[in-house]
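So you can see what is in the structure, the chains are spelled out below.
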Amino acid sequence: MKIIDFHVHLPYRYRDPVEAAGRLIVEMDRAGVERAVLIAVEAGVKTFRRNVGAREVKRALGEVLDFVSLSRIPMLNKLVYDVEAGIRDHVALIEEHRRATWEVVEASRAYPGRLIPVASYCPDKGVDGTIRDNIEPFKDEILGVKIYPTLHFTSPSSSKLDKLYRKIAEINGVVIVHTGCDPGLWELPRMCRLARPKYVAEAARRHRDVVFIIAHLGSYSALMPGIYFHEALEALGLENVYADTSAVDPFFVERAVEEVGSSKLLFGSDYPYMVGLTIRDVVREILELGIPERDKEAILRLNALRLLRERGRL
Ligand SMILES: [Zn+2]
């Protein structure tokens, strides 16, 4: 089966986007992945600084302090012992992992037919700046845009995003929304509270002509796996809402198929962010699920194929 991976990023160890894409293609070939949706990551240091101060972090830590001490997550522990230094580490993390929209577009041009680029919202630029710099110049190439409610400190249901969503409708594209927690201080439930599938559902009800994809099934969380899983299942009841399986414990993927069926689920590896796992490992997790073979094929290929065809991308 030729697999379609609906959620990958460029390996961050290679700064040159084309070189990074070469590395990604090697991984895809090993896993039998024919095409991958390559997602940009733009965060805003200004927005981060505005939203993350010592008081806010201490409050978020205080809510789950027992979990944090037990979890031994180094970035969280550092915040407990030295909040300012911990915050500086996060700024460095953002700088290291950002991938501009132009980089994923350039990577996709080097491997036509293999990589499908997705733009990122940029909170420092706002909606107008994002449309001007990240959507308009690449509108014939990109599949859509991604919102990271965690990194962006923006709710997907915020009315300020309506203009961006209308722009995506114009290009017959998709909006991918990060849901659940995120590494670092975004593991704290208070810091990921905007990344809830119910807010994606709100936006999807207002914009029926846009397909919304709930990344991570609302489930990714180191402290509380499955944190918003049930909201994701509920949101999947809307016709224009899909979800991807990236960074989701296989237990929840299986449960999702049992509860809502496989027709709205898209395979995603989140390569290279599943530390220690190759794309092939993540494909194997799907192949080993205790669900019918036809559901595995739907998740690994057929649903993505249908979605891409409907949007004129194949
Ligand atoms: Zn991702």
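Residues numbered from 1 in each chain as written. Predicted model: local features only at pLDDT ≥ 70, side-chain atom pairs only at ≥ 80, totals over all residues. Heavy atoms only, no water.

Undergrad: An account of the overall build of the chain is requested, with residue identities and associated values reported.
TA: Along its length, the chain carries 15 helices and eight strands. In terms of C-alpha radius of gyration, the chain reaches 18 Å, essentially the compact-globule figure of 20 Å for 314 residues. Projected onto its principal axes, the C-alpha positions of the chain cover 50 × 45 × 40 Å. Scored against the burial criterion, the 314 residues of the chain give a buried share of 59%. The long-range share in the chain, meaning contacts at least 24 apart out of those at least 6 apart in sequence, stands at 77%. Accessible surface, the chain: about 13000 Å² in total, of which carbon and sulfur atoms supply 49%. Positive and negative side-chain charges of the chain, numbering 45 and 45 respectively, have mean locations separated by a distance of 3 Å. (Helix = DSSP H or I, 4+ residues; strand = E, 2+ residues; numbered from the N terminus. Rg over C-alpha atoms; globule rule 2.2 N^0.38 Å. Buried < 20%, exposed > 50% of the residue type's maximum accessible area, 1.4 Å probe, protein only. Contact = heavy atoms within 4.5 Å. Areas by Shrake-Rupley, 256 points an atom, 1.4 Å probe, with all protein chains shown as cover. Lys, Arg positive; Asp, Glu negative; His and termini not counted. Charge placed at Lys NZ, Arg CZ, Asp CG, Glu CD.)

Undergrad: Break down helix H6 (residues 83–97) for me, citing the residues and quoting the values.
TA: For H6, which comprises 15 residues, the first-to-last C-alpha distance of 21 Å matches the rise-based estimate of 21 Å (1.5 Å per residue) to within 8%. Turning to H6, its buried residues number three or more, namely Val 83, Ala 85, Gly 86, Ile 87, His 90, Val 91, Ile 94 and His 97. The secondary structure elements touched by the buried residues of H6 are helix H2 (45–51), helix H3 (54–63) and helix H5 (74–81). (Expected span 1.5 Å × (residues − 1).)

Undergrad: With reference to specific residues and values, describe the coordination of the zinc ion.
TA: Ideal values for angles at a metal depend on the geometry: 109.5 degrees with four tetrahedral donors, 90 or 180 degrees with six octahedral donors. Only His 7 (NE2), His 9 (NE2) and Asp 270 (OD) from the protein coordinate the zinc ion, and they sit 2.1 to 2.2 Å from it. Counting the intervening residues between successive donors of the zinc ion yields the motif H-x1-H-x260-D. Of this pair, His 7 sits in strand S1 (residues 3–8) while Asp 270 sits in the loop between strand S8 (265–266) and helix H14 (279–287), placing them 263 residues apart in sequence. (Donors = N, O, S within 2.8 Å, 3.2 Å for Na, K, Ca; no water.)

Undergrad: Got a sec to walk through the sheet that holds strand S2 (residues 33–39)? Specific residues and values, please.
TA: Spatial strand order, S1-S2-S3-S4-S5-S6-S7-S8: eight strands in an open sheet with parallel pairing. Each of the sheet's edge strands pairs with one partner strand only, and the pair in question is S1 and S8. Bridging between strand S4 (residues 144–147) and strand S5 (residues 174–178) involves four bridges; their strand directions are parallel. Looking at the pairing, Lys 146 lines up with Ile 176 of S5. Sheet strands touched by helix H15 (residues 293–310): S1, S2, strand S3 (115–120), strand S6 (211–215), strand S7 (241–244) and S8. Its angle to S1, the strand with the most contacts, is close to 80 degrees. (Pairing = 2+ DSSP bridges. Axes fitted to C-alpha atoms, helices over the stretch in contact; angles between N-to-C directions.)

Undergrad: Summarise the pairing of S7; cite the residues concerned and give the values.
TA: Each regular strand displays side chains that alternate between the two surfaces of the sheet. Across the two faces of S7 the burial is the same, with Val 241 and Ala 243 and Tyr 242 and Asp 244 all buried. Between the parallel pair S6 and S7, the chain is carried across by helix H12 (residues 229–235), and the sense of this crossover is right-handed. Two elements, S7 and S8, share two bridges in a ladder whose sense is parallel. Note that in S8 the partner of Asp 244 across the bridge is Leu 266. (Right-handed = clockwise from strand over helix to strand, strands pointing away.)

Undergrad: Describe in detail the pattern of salt bridges, supporting the description with residues and values.
TA: Tallying each qualifying case throughout the model produces 26 salt bridges. When the shortest N-O distance is used, the salt bridge between Asp 29 and Arg 114 registers 2.8 Å. Separated by 85 residues along the polypeptide, Asp 29 in helix H1 (residues 17–31) and Arg 114 in the loop between helix H7 (101–110) and S3 bring together distant segments of the chain. Among the residues examined, Asp 29 registers a relative accessible area of 47% and is labelled partly exposed. A network of salt bridges, in which partner residues are shared, links Glu 56, Glu 63, Arg 190 and Arg 193. (Salt bridge = Lys/Arg side-chain N within 4 Å of Asp/Glu carboxyl O.)

Undergrad: Give a description of the nonpolar core that names residues and reports values.
TA: Core analysis: the biggest nonpolar cluster contains 65 residues, and Leu 24, Leu 115, Leu 164, Val 175, Phe 212 and Leu 217 have the highest contact counts within it. Discounting residues that sit within four places of it in the chain, Val 175 has contacts with Val 145, Ile 147, Tyr 165, Ile 168, Val 210, Val 211, Phe 212 and Ile 213. Residues Val 41, Ala 43, Leu 151 and Val 174 belong to the second largest nonpolar core, which totals 43 residues. (Core = buried A, V, L, I, M, F, W, Y, C linked by side-chain atoms within 4.5 Å.)

This is a description of form; function is not addressed.
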